[in-house]
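The lines below spell out each chain.
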Amino acid sequence: MLGECLENVRKTHPLVHCITNYVTVNDVANILLASGASPIMADAVEEAAEITSICSALVVNIGTLNARTIPAMFEAGKKAAALNHPLVLDPVGAGASALRTETARNLMTEIRFPVVRGNMSEIKTLAAGNGNTRGVDADVTDTVTDRNLYGAVSFVKHFALEHSCIAAVTGAIDLVSDGSSCYVIRNGRPEMGRITGTGCQLSALTAAFAAANPLRMLEAVAAAVCLMGVAGEVAFSRLRKEDGNMAFRDKIIDAVYTMDVRTFEGTSRYEIL
Amino acid sequence: MLGECLENVRKTHPLVHCITNYVTVNDVANILLASGASPIMADAVEEAAEITSICSALVVNIGTLNARTIPAMFEAGKKAAALNHPLVLDPVGAGASALRTETARNLMTEIRFPVVRGNMSEIKTLAAGNGNTRGVDADVTDTVTDRNLYGAVSFVKHFALEHSCIAAVTGAIDLVSDGSSCYVIRNGRPEMGRITGTGCQLSALTAAFAAANPLRMLEAVAAAVCLMGVAGEVAFSRLRKEDGNMAFRDKIIDAVYTMDVRTFEGTSRYEIL
Amino acid sequence: MLGECLENVRKTHPLVHCITNYVTVNDVANILLASGASPIMADAVEEAAEITSICSALVVNIGTLNARTIPAMFEAGKKAAALNHPLVLDPVGAGASALRTETARNLMTEIRFPVVRGNMSEIKTLAAGNGNTRGVDADVTDTVTDRNLYGAVSFVKHFALEHSCIAAVTGAIDLVSDGSSCYVIRNGRPEMGRITGTGCQLSALTAAFAAANPLRMLEAVAAAVCLMGVAGEVAFSRLRKEDGNMAFRDKIIDAVYTMDVRTFEGTSRYEIL
């Protein structure tokens, strides 16, 4: 089932409009291409709505937001919502500055985002108006473990319901919920936290998967999250002793490129609560 | 002959001013260094003309154009034209938004670009004022094949004549013309389309080759196009089963770095029509 | 001793605020993660001071400065200075344009930077108000060799004294001085000059090392410089015949990630003058 979601990306080649940070933008473009989708980056307010209208999905990532790009996020977001495109919000660093927190909250107030993907600290910030975000990484007190799993699942379901979205909260254990059910996903490697941009890459993948699977968005988002985790595991198994985070970064994207659907399905580890 | 063009880049180390998109800028810088040239990226209007004046060539790539960088493109372009530097325009995504189409056309109206490099959809847009650009990739109906080759060659020659430029239209078959003759180049691999930025990289290479070979610009541009294609073939032959677009991207640039002139000449496949 | 500086980075995971150019920003983020530190990139003036206040160090790199980001450099710099954070200035291309020269000099006039890292041409420009910068590379007449070593050491010491900073002037021979003593470091490989951004990466590393070793900043900066050089040597030894600057770039960062403290100390080559 998750494999079918990937196959649909490969068949339909969705064009994804990315308004995303300049730190990880190249990796975002390449992982979209690796998955079978196509990227277009355009953050000028003068063209944001027009570019969105020729695409199948939009991802808004606030990782290096500024006074010039924030209006483009609103313009593109409103157009994408009007066209009923899958829109993904990645509230990078919400909680780390008032600008980030307020921009993310205003985006969610003015535009309905069908998908929101972030780490637990970012999502808590959006829920509560304050958070423990340590820069762009989740605070250690926000880690989801087997001990606090049920509380975390209930929080994510509630967030999804309140915002009429699919919430994807990723970390050691990933939670993906539409408010009624919740995928609890246990793929990935802790070493992925030492690569910049695996979260940004995942947000873009999520947009591609949602675009290619419009009638089962929850499953599509869960598939994107599993794919990133499985690619992390496959890539990790291919590392040599002298490899570090750069080799790992490249091999994850290459693992998405070469991912065999059977391996993907066989290696995905999730339950639905 | 093409090999001599590469040797001249390696001997003269041209400094290339790049006003280019932030998606692929790192790869653009590294492929210039791989070829023997040096990059400098500077897109502030306050310094654009001054930076251009210490360089040997300029490439203007509109991939992530915006209200801040567009004036810098004009400033740098005018200065480079006044200094008789080789200037290359890469009209990324012309046809995908009015902002891109108009900016590219205005640049060509106000400044003579000795070289224009793009895919067929972008060049058609510049010629006709409208195009079928799908995001930043050429539309499938614009693909050059053996069936429509003569028409395509005639179109490219006409475009080059009309704009007094060398037009490099790249795709499955690459066409490079100064209006009278046309190189038809059959190097490269279709998988290069699944890497972000091979076009951007080629545009920058073209500027370096033109700067190092001022007395035979047509041949220099054709050499840059062949080099990118040959590097793609060499890199592809070095891929392992688990490699994807990231490994391929890196190996293409590494193939430029390590390119042996004899291999380059022996592997180049072109005819002149 | 230098090894302890690296261990302190790995133990304390300093969060480094980077206002840095968009050419090499991804590599900067990944080398910080490779060293054990964490990056956050934020260049909007609206959040610059606030982001700095949650970090342990700041690096200001003017590689792609513009009218929007320059005020953020001043805001973040002033806040970091007020909080007594280690601040590193990387005056990329000072001397290549008036905008760069004046911005770098104004930054140093208004804010005390405890660390300044650049190539000899850039530092001479800051000292004299003019320089021989060739784009973003040092001019060949500014190369430090055994012949002009004593003059160069004396210049760097004088610069450090005059600006109450640790000056790190890197090139074939690296000089790191606080005004009284000077590390003369002979690690690294000339081929590192054919990768974009090794200087930017080093400046960010320097900030992380200074943050993790506040009571011995001179040694910390020297350790960062040695680490970059040793990583370059280790990476170079791992290159295969077909590898070029992209493989080398990745392997340097991976060598930082996997660096064994004993290897680091055993391979560091420096004297103190």
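Keep in mind the model is a prediction, meaning the values are calculated, not measured. (Residues numbered from 1 in each chain as written. Chains lettered and ligands numbered in written order. Predicted model: local features only at pLDDT ≥ 70, side-chain atom pairs only at ≥ 80, totals over all residues. Heavy atoms only, no water.)

Enquirer: How should I be thinking about the interface of chain A and chain C in this particular structure?
Expert: Reports of interface size often rely on the accessible area that becomes lost once the parts have come together. In this complex, chain A contributes 33 residues to the contact, which on the side of chain C involves 35 residues. Regarding the contact of chain A and chain C, the summed buried area is about 2,700 Å², with carbon and sulfur atoms giving 51% of it. Here C:Glu47 makes a salt bridge to A:Arg100, at a shortest N to O gap of 2.8 Å. Taken together, the connections running from chain A to chain C amount to 16 residue pairs in polar contact (both at pLDDT 80 or more). When residues of the side of chain A that touches chain C are traced back to their parent elements, those giving at least two are helix H5 (98-110) and helix H10 (245-258) of chain A. A total of five residues in the side of chain A that touches chain C trace back to one element, the largest contributor, which is H10(A). Its residues assigned to classes, the side of chain A that touches chain C shows 11 nonpolar, 10 polar and 12 charged. (Contact = heavy atoms within 4.5 Å. Buried area = accessible area lost by both parts, 1.4 Å probe. Salt bridge = Lys/Arg side-chain N within 4 Å of Asp/Glu carboxyl O. Polar contact = N/O pair within 3.5 Å; in protein donor to acceptor, adjacent residues only side chain to side chain. Helix = DSSP H or I, 4+ residues; strand = E, 2+ residues; numbered from the N terminus. Nonpolar A, V, L, I, M, F, W, Y, C, P; charged D, E, K, R; others polar.)

Enquirer: Sorry if this is basic, but what is going on with the sheet that holds strand E9 (residues 270-272) of chain B here?
Expert: Strands pair in a sheet through their backbones, by hydrogen bonds, and they do so in one of two ways: parallel or antiparallel. All names here are of chain B. Spatially, E2-E1-E3-E4-E5-E6-E7-E8-E9 is the arrangement adopted by the nine strands of the open sheet, whose pairing is mixed. Edge positions in the open sheet fall to strand E2 (38-41) and E9, since each of these has one partner strand only. Taking the axes of each pair of neighbouring strands and ignoring which way they run, one obtains an average angle of 20° across the sheet. Sheet analysis places strand E1 (residues 15-19) next to E2, joined by four bridges and oriented parallel. When the bridges of E2 are listed, His17 appears paired with Ile40. The strands that helix H4 (residues 69-82) touches are E1, strand E3 (57-61) and strand E4 (87-90); relative to E3, the one it contacts most, it runs at about 150°. On top of the sheet, helix H8 (residues 198-212) reaches E1, E3, E4 and strand E5 (115-118); it is set at about 160° to E3, its chief contact. (Pairing = 2+ DSSP bridges. Axes fitted to C-alpha atoms, helices over the stretch in contact; angles between N-to-C directions.)

Enquirer: What is the right way to read helix H7 (residues 149-162) of chain C from this model?
Expert: The α-helix winds at 3.6 residues per turn, so residues separated by three or four positions along the chain end up facing the same way. All names here are of chain C. A rise of 1.5 Å per residue sets the reference length of H7, with its 14 residues, at 20 Å; its end C-alpha atoms lie 20 Å apart and thus fit the reference within 8%. Among the residues of H7, those classed as buried are Leu149, Ala152, Val153, Val156, Phe159 and Ala160. One face of H7 carries all of its buried residues, which in axial projection span an arc of 125°. Turned more than 90 degrees away from the buried face of H7 sit Tyr150, His158, Leu161 and Glu162, all of them exposed. Buried residues along H7 sit against helix H5 (98-110), strand E5 (115-118), helix H6 (120-128), strand E6 (166-169), strand E7 (174-177) and strand E8 (182-185). (Expected span 1.5 Å × (residues − 1). Buried < 20%, exposed > 50% of the residue type's maximum accessible area, 1.4 Å probe, protein only. Arc of directions from axis to C-beta.)

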